[in-house]
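Fold and contact review
Residues per chain are reported as follows:
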Amino acid sequence: MADHLVAIDQGTTSTRCLVFDAGARVVAGAHAEHDQSYPRAGWVEHDAEQILANVRTVVAEAMDRAGLRAADVAAVGITNQRETTVVWDRATGRPVAAAIVWQDTRTTARCADLAQGDPDRFRRRTGLPIATYFSGPKIAWLLDETGTRSRAERGELLFGTVDSWLVWHLTGGVGDSRHVTDVTNASRTLLADIDTLQWAPDIAAEVGVPMAMLPEIAPSVAVFGRVTGLPALEGVPIGAVLGDQHAATFGQACFEPGMAKNTYGTGNFMLLNTGRSPVFSAHGLLTTPAYQIAGESPVYALEGSIAVTGSLVQWLRDNLGIISSAAEVEELAASVADNGGVYVVPAFSGLFAPRWRPDARGVIVGLTRYATKAHIARAALEATAFQTREVLDAMNADAAAGGRAALTELRVDGGMVGNDLLMQFQADVLGVPVIRPAVAETTALGAAVAAGLAVGVFDSTDAIADVWAEGHRWSPTMAADDVARTYRQWCKAVDRTLDWVD
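Residues numbered from 1 in each chain as written. Predicted model: local features only at pLDDT ≥ 70, side-chain atom pairs only at ≥ 80, totals over all residues. Heavy atoms only, no water.

The next thing to look at is the environment of Ala 438. Counting through the fold element by element, Ala 438 comes out in the loop between strand E19 (434–437) and helix H14 (442–455). Residue Ala 438 is classed as exposed on the basis of its relative accessible area of 55%. On a C-alpha basis, the gap between Ala 438 and Trp 468 in space is 7.5 Å, while along the polypeptide they are 30 residues apart. Excluding residues within four positions of it along the chain, Ala 438 makes contact with Ala 469, Glu 470 and Gly 471. (Helix = DSSP H or I, 4+ residues; strand = E, 2+ residues; numbered from the N terminus. Buried < 20%, exposed > 50% of the residue type's maximum accessible area, 1.4 Å probe, protein only. Contact = heavy atoms within 4.5 Å.)

Spelled out as structure tokens, the structure:
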């Protein structure tokens with residue numbers, strides 16, 4: 001009986017495939033990293049063909065480890081790094097250039113010109129400020145720099161975020177495939193109308209993106225086609241496509257307004273379910289569809305996006321050599337009682353929510369001869385918690401303005417939630433319980449159960465909520481005065497990052 005579900009989780013640094021049984025338990029998985037390219041300061045690129053090859057590899061390995069065939073799988077769900085921009089040739093299926101990653105800041109000047117002094121001038125239409133984070137300006141830059149704009153206007157080139165790139169290839173590729181994205185990924189381009197969840201031709205024209213290259217926009221939970229050319233999943237329906245943070249929201253069962261989750265990965269991303277109508281933030285948050293089930297109206301969310309959290313630990317390892325593996329950071333940080341007055345603000349790509357300051361750059365402040373690498377390691381972990389506090393404060397302010405209660409708990413997931421020191425400090429600085437689910441792989445889980453909902457493995461979101469279970473809870477323990485003091489120092493450190501880029 002086909003009752004297993006497969007998730008393809010294509011992230012910023014790696015691609016994973018997880019196989020789940022009908023009870024949403026992990027049966028097997030496989031993982032492969034891809035190259036990170038930094039050709040210039042502020043530029044970040046991926047090889048889309050390497051990513052596609054890794055998808056094929058990890059799917060085959062995970063299915064082999066699970067001892068399953070395609071006939072055993074009811075559906076596959078795809079979740080992906082958002083905003084990362086791929087442009088490829090319709091006739092060959094080959095990218096015309098390297099993929100421009102969401103962290104990339106090469107479009108700073110283009111975004112400033114587009115903003116015309118008002119970075120929020122598209123916000124009511126798109127839910128987003130004009131920023132380097134989003135795909136639209138990246139597409140326009142790529143077409144102009146590669147001299148391919150006329151080809152794009154003739155429909156010879158296709159754009160997609162990574163989900164579109166994968167679906168196009170996994171449903172047939174050249175000559176027989178589906179060029180499609182879902183509402184969550186489309187909403188991250190700066191080109192989609194937040195109310196209609198369709199492309200806005202006037203905004204696309206102003207940004208400089210030809211409509212002929214844009215994919216069809218579909219609900220997140222729907223059948224996108226069947227896999228072909230991938231023997232391990234041949235003929236299996238693709239039942240869901242969601243951006244990674246939206247998939248995590250689904251996997252955390254945040255189906256009711258007022259529920260929120262925070263994912264700790266390369267960056268941090270907090271989403272608050274706001275129900276069936278978009279809510280526009282007055283405090284620097286993004287308005288986005290959380291997900292849409294075919295045949296139903298979309299569910300919306302407020303999002304706080306933080307560019308650098310887990311990747312700061314990688315920077316300690318790869319650039320500074322303070323640790324030799326990411327896992328060492330907790331032990332090193334725990335070897336000191338506090339941060340010793342040291343604060344790290346990782347504004348490597350500027351500051352995202354709630355400040356939106358592309359002119360900011362990273363700093364380490366408060367250094368004295370007393371400071372050691374352990375204090376820097378602890379300050380790096382604390383930076384994740386402080387940035388999350390800023391986003392939570394913004395969410396609570398928006399909630400108060402809308403007559404809603406402040407958040408009383410935060411569901412967490414992602415690679416960093418296994419760090420007990422960080423999670424306890426997070427609960428302390430937020431002043432609310434932090435809850436890790438029993439199944440920590442919530443991004444992949446969300447893609448899998450959403451695909452299961454599309455094909456009838458689950459009959460409702462209530463059935464999906466029933467399989468969610470609490471794994472561990474951290475409650476606040478730090479004295480309020482200590483929280484206030486250290487957060488005040490953090491805010492002073494952030495001020496030192498501003499106006500660095502002329």
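For the rest of this paragraph, the subject is the sheet that holds strand E2 (residues 14–20). Strands sit in the order E3-E2-E1-E5-E11 across an open sheet of five strands; the sheet is mixed. In this open sheet, the two edge strands, each paired with only one partner strand, are strand E3 (26–33) and strand E11 (238–243). Sheet twist, expressed as the average angle between the axes of neighbouring strands with direction ignored, equals 15 degrees. Looking at chain direction, E2 and E3 are connected through seven bridges and run antiparallel. Bridge assignment links Thr 15 to a residue of E3, and that residue is Ala 32. Contacts between helix H6 (residues 162–170) and the sheet are confined to strand E1 (4–10), strand E5 (73–80) and E11, with E5 contributing the most and set at about 145 degrees to the helix. Along the sheet, helix H9 (residues 244–251) makes contact with E5 and E11, crossing E11 at roughly 110 degrees. (Pairing = 2+ DSSP bridges. Axes fitted to C-alpha atoms, helices over the stretch in contact; angles between N-to-C directions.)

A sheet is described by the order of its strands in space; here seven strands give the open sequence E14-E15-E13-E12-E18-E19-E20, paired in mixed fashion. Both outer strands of the open sheet, strand E14 (286–291) and strand E20 (470–474), are each paired with one neighbouring strand and no more. Taking each pair of neighbouring strands and ignoring which way they run, the sheet shows an average axis angle of 30 degrees. Across seven bridges, the pairing between strand E13 (residues 268–275) and strand E15 (residues 299–306) is antiparallel. Bridging from a neighbouring strand, Leu 271 pairs with Glu 303 of E15. The strands touched by helix H13 (residues 420–430) are strand E12 (260–264), strand E18 (410–413), E19 and E20; relative to E19, the strand with the most contacts, the crossing angle is about 140 degrees.

Another aspect to go through is a negative patch on the surface. On the surface, Glu 256, Asp 459, Asp 462 and Asp 466 cluster together into a negatively charged patch. Within the secondary structure layout, Asp 459 lies in the loop between H14 and helix H15 (461–467). Owing to a relative accessible area of 68%, Asp 459 belongs among the exposed residues under this scheme. (Patch = residues over 30% accessible without salt bridge, like charges linked within 9 Å, V, L, I, M, F, W, Y side chains within 5 Å. Areas by Shrake-Rupley, 256 points an atom, 1.4 Å probe, with all protein chains shown as cover. Salt bridge = Lys/Arg side-chain N within 4 Å of Asp/Glu carboxyl O. Lys, Arg positive; Asp, Glu negative; His and termini not counted. Charge placed at Lys NZ, Arg CZ, Asp CG, Glu CD.)

This next bit is on the pairing of E1. The element E1 is extensively covered by neighbouring structure, given that seven of its seven residues are classed as buried. Neither face of E1 is left uncovered, since the one carrying His 4, Val 6, Ile 8 and Gln 10 and the one carrying Leu 5, Ala 7 and Asp 9 both have all their residues buried. Two elements, E1 and E5, share seven bridges in a ladder whose sense is parallel. Residue pairing for E5: Asp 9 is matched across the bridge by Thr 79. Taking the residues that link successive antiparallel strands as the turn, the E1-E2 hairpin has three residues.

Let us look at the environment of Arg 124. Along the chain, Arg 124 turns up in helix H3 (residues 123–126). Judged by relative accessible area, Arg 124 falls into the partly exposed class, the value being 49%. Between the alpha carbons of Arg 124 and Phe 280 there is a distance of 7.5 Å; along the sequence they are 156 residues apart.

In the structure shown here, the tally under the stated rule is 18 aromatic pairs. Each ring, one from Phe 134 and one from Trp 356, has its centre 6.3 Å from the other, and the planes form 35 degrees; the classification is tilted. With Phe 134 in the loop between H3 and helix H4 (135–146) and Trp 356 in the loop between strand E16 (343–345) and strand E17 (363–365), this pair connects stretches of sequence that are 222 residues apart. Like Trp 356, Phe 134 is buried. Ring geometry for Phe 352 against Trp 356: centres 5.4 Å apart, planes inclined by 20 degrees, an arrangement best described as stacked. According to the relative accessible area criterion, Trp 356 is buried, its value standing at 16%. (Phe/Tyr/Trp six-rings, centres within 6.5 Å; stacked < 30°, edge-to-face > 60°.)

Look at H9 against H14: their axes get within 7 Å of each other, and the N-to-C directions meet at 75 degrees. Here H9 lies roughly perpendicular to H14, going by the angle between them. Mapping the contact onto sequence places Asp 244, Ala 247, Ala 248, Phe 250 and Gly 251 in H9 and Thr 442, Thr 443, Leu 445, Gly 446, Ala 447, Val 449, Ala 450 and Leu 453 in H14. (Parallel < 35°, antiparallel > 145°, perpendicular 65-115°, else oblique.)

In this structure, Glu 61 sits in helix H1 (residues 48–66). We classify Glu 61 as partly exposed; its relative accessible area is 30%. It is 9.0 Å that separates the C-alpha atoms of Glu 61 and Ala 232, two residues lying 171 residues apart in sequence.

Applying the stated criterion to the full structure yields 32 salt bridges. As a salt-bridge pair, Asp 499 and Arg 357 come within 3.1 Å of each other at their nearest N and O atoms. Of the two residues, Asp 499 is situated in the segment after helix H16 (480–495) and Arg 357 in the loop between E16 and E17; the sequence distance between them amounts to 142 residues. Classification of Asp 499 by relative accessible area gives exposed; the value is 57%. The exposure class of Arg 357 is partly exposed, given its relative accessible area of 26%. As a salt-bridge pair, Glu 409 and Arg 411 come within 3.9 Å of each other at their nearest N and O atoms.

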